[in-house]
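# Survey of secondary and tertiary structure
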Amino acid sequence: ALTAGIVGLPNVGKSTLFNAITKAGAEAANYPFCTIDPNVGIVEVPDERLQKLTELVTPKKTVPTAFEFTDIAGIVEGASKGEGLGNKFLSHIRETDAICQVVRCFADDNITHVSGKVDPLSDIEVINLELILADMESVDKRLQRVTKMAKQKDKEAMIEEPVLLKLKDAFEAGESARSVELTPEETAVVKGMHLLTIKPMLYVANVSEDEIADAANNEYVQAVRDFAEKDNAEVIVVCAKIEEEMAELDDDEKQMFLDELGIEESGLDQLIRAAYQLLGLATYFTAGVQEVRAWTFRKGMKAPQCAGVIHTDFERGFIRAETVAYDDLMAAGSMAAAKEAGKVRLEGKEYLVKDGDVMLFRFNV
Ligand code: GDP
């Protein structure tokens, strides 16, 4: 399963946020594909369409789709030098598909800051530098070989060398591979290198309880936003402490709490949604009388692969998929009406599934 790794310096609120994630957590039994590991938190992906479909179909059961966060503790300065914990930390990051970096934007005199004061940009720099140094090493190693081969007029090496030099320049300037503009051809070259700083990054600005409602005016948050823009990354504002408290409430209580605080959507829900987007994930639905359910697929997946998300047999024996767009189904008011209106399509093996498709798979066993 795809996963987003949570990183950050000590005392920035990582554990608090991860607690919120596991407390709000989904019933693991519903999600046999998810990893069972104390460092992995499974969350349900909030999606109001699922609620609407449930009202339309009135099934016995409704199951949201789920998503994994991995808690990657233990960043230390010098991680890239490959000492003990540091090495492990980097290899854990390598296994994730996106990075959520928690940044402390709350002032609280009772909580020590590792570097003595709240300074989100310097915190980001410390972490990013370790990742950049690790990537620098990968690029340097590769350059040694590629330069030799390019001299011998090796075609691929001649394409690769300038890309590597471009990355090296960025790293030397303290910039991530993510921030480097690459052509599709260059991107293809870089892809095989499994760089850390090319992974999608989401900065999670952790603000205090008092400031969450007015986060737009928080100077720390603004600084993070400015930085993220240059870094080709996104920013989500949360108050980890509030999320932890909210994770124990039911939906109605949660709504009351949010209203009281003057915020529209919980930071955790925003984080889940943003990470989902960042990973290039989308949702299709199945809507039967037994069960209405959301399923996750990667954008670009075709109908048989999407059927395979439910069960490998569905993919192997795939015949076709009866498909209706969520909006068309809601506009028609029922599946029968959607059929009558000609909105239910029979899609075959080459169909590229779209976010919001409601599907019924036909397959041979
Ligand atoms: P970690 O080391 O990054 O995992 O940080 P923790 O989650 O353990 O948080 C460090 C301390 O900061 C704890 O005492 C938390 O209660 C506190 N903390 C975390 N988030 C917030 C927050 O949003 N507001 C305030 N005031 N304190 C927080």
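This is a predicted model, so every value here is computed, not measured. (Residues numbered from 1 in each chain as written. Predicted model: local features only at pLDDT ≥ 70, side-chain atom pairs only at ≥ 80, totals over all residues.)

Our focus in this paragraph is the overall build of the protein chain. Scanning the protein chain for helices and strands turns up 14 helices and twelve strands. For 365 residues, the compact-globule estimate of 2.2 N^0.38 gives 21 Å, and the C-alpha radius of gyration of the protein chain, at 23 Å, lies within 12% of that figure. Each principal axis of the C-alpha distribution contributes one length, and for the protein chain these read about 60 × 60 × 35 Å. Per-residue burial over the protein chain gives 37% buried out of 365 residues. Of the contacts made within the protein chain by residues no fewer than 6 positions apart, 69% connect residues no fewer than 24 positions apart. (Helix = DSSP H or I, 4+ residues; strand = E, 2+ residues; numbered from the N terminus. Rg over C-alpha atoms; globule rule 2.2 N^0.38 Å. Buried ≥ 20, exposed ≤ 12 C-beta atoms within 10 Å, placed from the backbone. Contact = placed C-beta atoms within 7 Å.)

On to the UniProt feature "binding site: ATP" (unreviewed entry) in the protein chain, then. Within this structure's numbering, the places UniProt gives as "binding site: ATP" (unreviewed entry) are Asn-11, Val-12, Gly-13, Lys-14, Ser-15 and Thr-16. Relative to the assigned elements, Asn-11 resides in the loop between β1 (3–7) and α1 (14–23). By the C-beta count within 10 Å, which is 13 here, Asn-11 ends up partly exposed. (UniProt positions renumbered as here; feature names shortened; annotations may be inferred.)

Let us now look at the site of the ligand. In the vicinity of the ligand lie 17 residues, with Gly-13, Lys-14, Ser-15, Thr-16 and Lys-241 positioned nearest. Counting residues per element, the ones that place at least two in the shell around the ligand are α1 and α8 (240–246). Of the residues in the shell around the ligand, the class split is six nonpolar, seven polar and four charged. (Near = placed C-beta within 6 Å. Nonpolar A, V, L, I, M, F, W, Y, C, P; charged D, E, K, R; others polar.)

Once that is clear, we can look at unusual backbone geometry. Unlike most non-glycine residues, Asn-11 shows phi in positive territory, near 65°. A positive phi angle is found at Lys-153, which is not glycine, with a value near 65°. Within the element layout of this structure, Lys-153 appears in the loop between α4 (120–151) and α5 (155–172). The exposure class assigned to Lys-153 is exposed, which follows from the 8 C-beta atoms found within 10 Å.

This part covers the pairing of strand β7 (residues 234–238). As judged from the five bridges shared by strand β6 (residues 201–206) and β7, these two strands associate in the parallel manner. Bridging from a neighbouring strand, Tyr-203 pairs with Val-235 of β7. As for the winding sense of the linkage, the β-α-β connection from β6 through helix α7 (residues 219–230) to β7 is right-handed. (Pairing = 2+ DSSP bridges. Right-handed = clockwise from strand over helix to strand, strands pointing away.)

Residues with a pLDDT of 70 or more make up 93% of the protein chain, whose mean pLDDT is 90. Scoring the predicted complex yields pTM 0.86 and, for the interface, ipTM 0.94. (pLDDT = per-residue confidence, 0-100.)

Moving on to the environment of Glu-186. Mapping Glu-186 onto the fold places it in helix α6 (residues 184–191). Put simply, Glu-186 and Val-63 are 123 residues apart on the chain and 41 Å apart in space, counted from C-alpha to C-alpha.

The next subject is the pairing of strand β4 (residues 66–71). With six of six residues buried, β4 is to be regarded as a mostly interior element. Side chains of β4 alternate between two faces, with Ala-66, Glu-68 and Thr-70 and Phe-67, Phe-69 and Asp-71 buried alike. Bridge count between β1 and β4: four bridges; the pairing is parallel. Residue Ile-6 lies in a different strand from β4, and its bridge partner there is Asp-71. For strand β2 (residues 40–44) and β4, the ladder comprises five bridges, and the chain directions are antiparallel.

This part covers the packing of α4 against α7. Where α4 contacts α7, the axes come no closer than 9 Å and their chain directions differ by 40°. On the basis of their axis angle, the class for α4 and α7 is oblique. Together, Pro-120, Leu-121 and Ile-124 of α4 and Tyr-220, Ala-223, Val-224 and Phe-227 of α7 make up the contact between the two elements. Per-class residue counts for the contact of α4 with α7 are seven nonpolar, no polar and no charged. (Axes fitted to C-alpha atoms, helices over the stretch in contact; angles between N-to-C directions. Parallel < 35°, antiparallel > 145°, perpendicular 65-115°, else oblique.)

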